[in-house]
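# Geometric and topological summary
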There are 2 protein chains.
Amino acid sequence: MTIPKDARINLSPEDIPKRWYNLASDIPDLKPPLNPGTGQPAKPEDFEAIFCKEIIRQEGTTERYVDIPEEVRDNLIYLNRPAPLQRAYRLEKYLKTPAKIYFKREDMSPLGSHKGNTALAQAYYNAEAGVHTLTTETGAGQWGTALAMVSNLYDLDTTVFMVRGSFEAKPLRKTIINTYGAKIYSSPSEYTEFGRKILKEHPETSGSLGIAISEACEMAAKDEHICYSLGSVLNHVMLHQTVIGQETMQQMEIGEIEPDYVVACTGGGSNFAGMTFPMLGQKIHGKKFKDTQFVAVEPKAAPSLTEGEFKYDFGDTAGFTPLLMMYTLGSNFIPSAIHAGGLRYHGMSPLVSAAYDTGMISARSYDQTQTFEAGLLMARTEGIIPAPESCHALKGAIDLALDAKAKNEEKTIVFCLSGHGLLDLYGYEQYMDGTLQSSDIHS
Amino acid sequence: MTIPKDARINLSPEDIPKRWYNLASDIPDLKPPLNPGTGQPAKPEDFEAIFCKEIIRQEGTTERYVDIPEEVRDNLIYLNRPAPLQRAYRLEKYLKTPAKIYFKREDMSPLGSHKGNTALAQAYYNAEAGVHTLTTETGAGQWGTALAMVSNLYDLDTTVFMVRGSFEAKPLRKTIINTYGAKIYSSPSEYTEFGRKILKEHPETSGSLGIAISEACEMAAKDEHICYSLGSVLNHVMLHQTVIGQETMQQMEIGEIEPDYVVACTGGGSNFAGMTFPMLGQKIHGKKFKDTQFVAVEPKAAPSLTEGEFKYDFGDTAGFTPLLMMYTLGSNFIPSAIHAGGLRYHGMSPLVSAAYDTGMISARSYDQTQTFEAGLLMARTEGIIPAPESCHALKGAIDLALDAKAKNEEKTIVFCLSGHGLLDLYGYEQYMDGTLQSSDIHS
């Protein structure tokens, strides 16, 4: 036995993409965000209190590509980019499937997830604009960790509002964010008017992502040198994540891999967008991926694509954000406390939503017990413990491989392993000892 | 700015070394292990109850190189080998040092440390010999995790005895070892005669590495299809780790890096040996590294090289193992409960000890508060949170860089980052909140 050529396809730092791909350029009738006060399309000025100008420009741009600044591209090395594309030979063997399964390794980042790709870009543009502090919210903690880490690369301070329930349940996230030098507050906090108001009215609340967003935005709106940063949903976030799919396309070319399926998990949509949008762009223009199917995998606890409605809705619970045209379960929908905290969101990125609405992509959903079963199998065959979010994409890939086995078809499946699960081991423990709860909203 | 050539030096899977280097071949008067009963050099048969034949052969061999079986070499890919060599530009800048600092990234393994390099080889040889189960002990948990993971690659079962104190303090290690499908017992356990005896006499004991070793050996000795596996100290372990240093030599050649100092942490010695032995071999034969200094960094809590005595001593507390000629603090020495659990050992690998005794390497020790300070700096400059063990090597490298600054010398320092600290964040938390205890045995 010698190492097969496609066991692991690496790229060099020089191969890191030089520009981001913008799917908005290829969806001509994309519905703009609306100002909830006027009901009219939101203007750039509507965002200026919380975002810097270049981020606002990228949010609205319809240009096909946006150049990646050298200062961002160079620093992608700190996220261990480029990330390998690997073949899951041992998983294939275990499944006894004729399908080939490849996975893109976003777990290789020191942050443990893909979240750094946009954190890096956002930190850079804010630093260039003279901002000295970024604020954000975090639920499970992956996003807060990413922003805390990259802020150091551009000498920014970061303040993270972490949903109180998670803050208390996941003390390691507080520690890692502090280790990177950022401030982190349990939300609702005493540090904002809105936080104090909630604390007064509901002292026992376990908080919510909506409250945390409101606190982060309030802090940003009060000082022109403080801006707000978001880790998913918005167009500029999807844009920055496209380094994932562009690298994967290079690697598939090297490995002569022609995928029948490309699979990624979806919460707010940033991992799915990063993985698939560059390929969708090729498909739309008839260049490649003619017969490739793109599969979004979401949790049954928050099935916005498979069970939501395509309409204008608020991005947060309190209704402070512009209205976004997206698949949504309703901005007052509270998903159950699944371990895949990164997928617990009532809505879906407007770009991913538009792609779904036009039939360019499909979607399926799984209960968390099914996804942890897949994660355990990945650990025992490929040696990698996936993040609970990534277990969703993995489960989707496994089911497609089993389907190929049933039909005896040599399908090629490529999925995105969005991160590792070393900071989420408690979910695995619950799965193994039988105490993991079903997360199906219907059960 | 463009990415400098030496910012990160990657190798391809084809560059993974094809053989291990054996320092024993270059130390002619190496003292053999002694049978404690007879006082005579231990014979291969003395080890046969617990080790398979090829492991015993490698333990005693004086051949200069041992070929790496293809079945092991191919599987190094599951440990994300080859590992990058990276330059710490941002750390250098922070320190304002004229020194160049490079680090070898053993943190990139899905296991989070270098321990898999020997686990893989040991699992292979045991599987080839018809063994179906491996037993081992683990203190901090890195070694038990590594053996649990690689056992799957060769369809072996693994049973880990984890020191009760750690077992209760670090529940995540139990979870990760279970996730990889291995059994893990709190030691002393009900599963061995020795464990039951201790439990009866000292029901409240928090256990010790010595007791856990005794339990693992007892289980192995009772069944010819069960063997024992050790993660450090012995010659064959040092041998298997030399992929680290051999890769680093290739990378230094590519980057035209001529080190003044090569630095690694030392507990039982496997990381230090893996990093430096291939270079020491070149130095001994006058080929390279003529002026390079090799620096072992150990904790003040267990300073076997800097404060121990070079003599024959037992490898375990109970006195069941052969006598090893090594620097030791005495086999009844119990180090304080520092976070760098991988460095809590009373003795030092006989090969590292011999190298130290002949003056080929030097050693220094640090208190754990100093090493966590260094770790925090690494996190905030380079974005990587080092394992508590690795913080020792890092602290050594930083001090050498500051020394170069004081003397205004352009020194080149290469250190081994033996692992990441994502499963050891509690130590960082204690350091940051001021509750971390000094670990100096004199304080």
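Remember, it's a predicted structure, so these values are computed and weren't measured experimentally.

### Some remarks on the overall build of chain A
On a plain count of helices and strands, chain A comes out with 18 helices and 15 strands. A compact globule built from 443 residues should have a C-alpha radius of gyration of about 22 Å, and chain A, at 20 Å, falls within 12% of that. For chain A, with 443 residues in total, the buried portion stands at 65%. For chain A, the proportion of contacts with a sequence separation of at least 24, taken over those separated by at least 6, is 76%. Between the averaged position of the 41 positive side-chain charges in chain A and that of its 55 negative side-chain charges there is a distance of 5 Å.

### Description of the interface of chain B and chain A
The interface is formed by 43 residues belonging to chain B together with 43 residues belonging to chain A. For the pair chain B and chain A, the number of links is 17 residue pairs in polar contact (both at pLDDT 80 or more). Secondary structure elements with two or more residues in the side of chain B that touches chain A: helix H4 (89-95), helix H8 (171-179), helix H16 (368-382) and helix H18 (425-433) of chain B. Class assignment of the residues belonging to the side of chain B that touches chain A gives a composition of 23 nonpolar, 12 polar and eight charged.

### What about the sheet that holds strand S6 (residues 133-138) of chain A?
Residue and element names in this part refer to chain A. The strand order across the open sheet built from four strands is S8-S7-S6-S9, with neighbouring strands paired in parallel fashion. Both edges of this open sheet fall to strand S8 (183-187) and strand S9 (226-228), since each of them pairs with a single strand only. Looking at each pair of strands side by side, their axes are set apart by 25° on average, direction ignored. Strand direction decides the pairing type here: S6 and strand S7 (residues 157-163), joined by six bridges, are parallel. When the sheet's bridge partners are listed, Thr-138 is paired in S7 with Met-162. Together, S7 and S8 form the strand contacts of helix H8 (residues 171-179), whose direction differs from that of S8 by roughly 150°.

### A look at the pairing of strand S11 (residues 293-299) of chain A
Residue and element names in this part refer to chain A. Along S11, six of the seven residues are buried, which leaves the element largely enclosed by surrounding structure. Pairing geometry for strand S10 (residues 261-265) and S11, over five bridges, is parallel. The residue bridging Tyr-261 from the neighbouring strand is Gln-293, located in S11. A crossover connection joins S10 to the parallel S11 through helix H13 (residues 270-284); in handedness this β-α-β unit is right-handed.

### Here's the deal with the pattern of salt bridges
Under the criterion given, the structure shown has 34 salt bridges over all chains. Between Arg-81 of chain B and Glu-106 of chain B there is a salt bridge, and its shortest N-O distance comes to 2.8 Å. In this pair, Arg-81 of chain B is assigned in the loop between helix H3 (70-73) and strand S4 (85-87) and Glu-106 of chain B in the loop between strand S5 (100-105) and helix H5 (116-128), connecting sequence segments 25 residues apart. The exposure class of Arg-81 of chain B is buried, given its relative accessible area of 2%. Of the charged contacts in the structure, one is a salt bridge between Asp-424 of chain B and Lys-170 of chain B, with a shortest N-O distance of 3.3 Å. Of this pair, Asp-424 of chain B sits in the loop between strand S15 (412-417) and H18 while Lys-170 of chain B sits in the loop between helix H7 (164-169) and H8, and the two are 254 residues apart along the sequence. Residue Asp-424 of chain B is classed as buried on the basis of its relative accessible area, which comes to 9%. Taken together, the salt bridges that share partners define one network made up of Arg-81, Lys-104, Glu-106 and Glu-247 of chain A.

### Thoughts on the sheet that holds strand S6 (residues 133-138) of chain B
Residue and element names in this part refer to chain B. Spatial ordering of the open sheet is given by S8-S7-S6-S9, a layout of four strands whose pairing is parallel. For this open sheet the edge positions go to strand S8 (183-187) and strand S9 (226-228), each flanked by a neighbour on one side alone. Shown here is a sheet whose adjacent strand axes are inclined to one another by a mean of 25°, direction ignored. Pairing geometry for S6 and S9, over three bridges, is parallel.

### Here's the deal with the relation of the copies chain B and chain A
Once chain B has been moved 0.0 Å along the axis and rotated by 180°, it coincides with chain A to within an RMSD of 0.0 Å. Between the two chains, the operation in question is that of a two-fold axis.

### Overview of the environment of Ile-176 of chain B
Along the polypeptide, Ile-176 of chain B turns up in helix H8. By relative accessible area, which is 2% here, Ile-176 of chain B ends up buried. The sequence separation of Ile-176 of chain B and Ser-109 of chain B amounts to 67 residues, and the corresponding C-alpha distance is 14 Å. Leave out the neighbours within four places in its chain, and Ile-176 of chain B touches Ile-385, Leu-422 and Leu-425 of chain A together with Thr-145 and Leu-423 of chain B.

### What about the environment of Ile-77 of chain B?
With respect to the helices and strands, the residue Ile-77 of chain B is situated in the loop between H3 and S4. Its relative accessible area of 6% is what places Ile-77 of chain B among the buried residues. The spacing of Ile-77 of chain B and Pro-13 of chain B is 64 residues in sequence and 7.2 Å in space, taken between C-alpha atoms. Look past the residues within four positions of Ile-77 of chain B in its chain and what remains in contact with it is Ile-3, Ala-7 and Arg-8 of chain A.

### A look at the environment of Leu-30 of chain A
All names here are of chain A. Note on placement: Leu-30 falls in the loop between strand S2 (19-21) and helix H1 (44-47). In this structure, the C-alpha to C-alpha distance between Leu-30 and Gly-268, residues 238 residues apart in sequence, is 17 Å. Once residues within four sequence positions are removed from consideration, Leu-30 is found in contact with Ala-24, Asn-235, Pro-350, Leu-351 and Ala-354.

### So, helix H2 (residues 53-60) of chain A
Residues and elements named next belong to chain A. Residues Ile-55, Ile-56, Gln-58 and Glu-59 constitute the buried set of H2. On an axial view of H2, the arc spanned by its buried residues comes to 165°, and they lie on one face. Exposed and facing more than 90 degrees away from the buried side of H2 are Lys-53 and Gly-60. Looking at the buried positions of H2, the neighbouring elements they touch are S2, H1, strand S3 (65-67), helix H5 (116-128) and helix H11 (235-241).

### Overview of the packing of aromatic side chains
Going through the model one piece at a time under the given rule, you end up with 24 aromatic pairs over all chains. A centroid spacing of 5.2 Å and a plane angle of 80° characterise the contact between Tyr-327 of chain A and Tyr-356 of chain A, whose relative ring orientation is edge-to-face. Pair noted here: Tyr-327 of chain A is in strand S13 (residues 323-328) and Tyr-356 of chain A is in helix H15 (residues 350-357), with a separation of 29 residues, a long-range link. Here Tyr-327 of chain A falls in the buried class, since its relative accessible area comes to 10%. Ring geometry for Phe-51 of chain B versus Tyr-228 of chain B: centroids 5.9 Å apart, planes at 35°, classification tilted. Taken together, the positions of Phe-51 of chain B in the loop between helix H1 (44-47) and helix H2 (53-60) and Tyr-228 of chain B in strand S9 put the pair 177 residues apart, joining distant regions of the chain. Judged by its relative accessible area of 8%, Phe-51 of chain B is buried. The buried category is assigned to Tyr-228 of chain B, whose relative accessible area is 4%. Taken together, the aromatic side chains of Phe-47, Phe-51 and Tyr-228 of chain A make up a single cluster linked through ring pairs. When the ring centre of Tyr-65 of chain A is taken as reference, the NZ or CZ atom of Arg-19 of chain A above it lies at 3.6 Å.

### Regarding the confidence of the model for chain A
With 98% of its residues at a pLDDT of 70 or more, chain A shows a mean pLDDT of 94. The ipTM, which scores confidence in the relative placement of chains, is 0.95 for this predicted complex, and the corresponding pTM is 0.96.

### As for the side chain of His-114 of chain A
All names here are of chain A. One can find His-114 in the loop between strand S5 (100-105) and H5. A polar contact is formed between the side chain of His-114 and the side chain of Ser-270, at a distance of 2.9 Å. With residues near it in sequence (within four places) discarded, His-114 still touches Glu-106, Gln-241, Ile-244, Ser-270, Asn-271 and Ser-418.

### Observations regarding unusual backbone geometry
Here the residue pair Arg-81 of chain A and Pro-82 of chain A is connected by a cis peptide bond, since its omega of -5° sits within 30 degrees of zero. With respect to the helices and strands, Pro-82 of chain A occurs in the loop between helix H3 (70-73) and strand S4 (85-87). For the peptide bond that leads from Ser-187 of chain B to Pro-188 of chain B, omega is 10°, which places it in the cis range. Relative to the elements of secondary structure, Pro-188 of chain B occurs in the loop between S8 and helix H9 (193-201).

Conventions used here
- Residues numbered from 1 in each chain as written.
- Chains lettered and ligands numbered in written order.
- Predicted model: local features only at pLDDT ≥ 70, side-chain atom pairs only at ≥ 80, totals over all residues.
- Heavy atoms only, no water.
- Helix = DSSP H or I, 4+ residues; strand = E, 2+ residues; numbered from the N terminus.
- Rg over C-alpha atoms; globule rule 2.2 N^0.38 Å.
- Buried < 20%, exposed > 50% of the residue type's maximum accessible area, 1.4 Å probe, protein only.
- Contact = heavy atoms within 4.5 Å.
- Lys, Arg positive; Asp, Glu negative; His and termini not counted.
- Charge placed at Lys NZ, Arg CZ, Asp CG, Glu CD.
- Polar contact = N/O pair within 3.5 Å; in protein donor to acceptor, adjacent residues only side chain to side chain.
- Nonpolar A, V, L, I, M, F, W, Y, C, P; charged D, E, K, R; others polar.
- Pairing = 2+ DSSP bridges.
- Axes fitted to C-alpha atoms, helices over the stretch in contact; angles between N-to-C directions.
- Right-handed = clockwise from strand over helix to strand, strands pointing away.
- Salt bridge = Lys/Arg side-chain N within 4 Å of Asp/Glu carboxyl O.
- Least-squares fit on C-alpha atoms with pLDDT ≥ 70 in both.
- Arc of directions from axis to C-beta.
- Phe/Tyr/Trp six-rings, centres within 6.5 Å; stacked < 30°, edge-to-face > 60°.
- Lys NZ or Arg CZ within 6 Å of the ring centre and 35° of its normal.
- pLDDT = per-residue confidence, 0-100.

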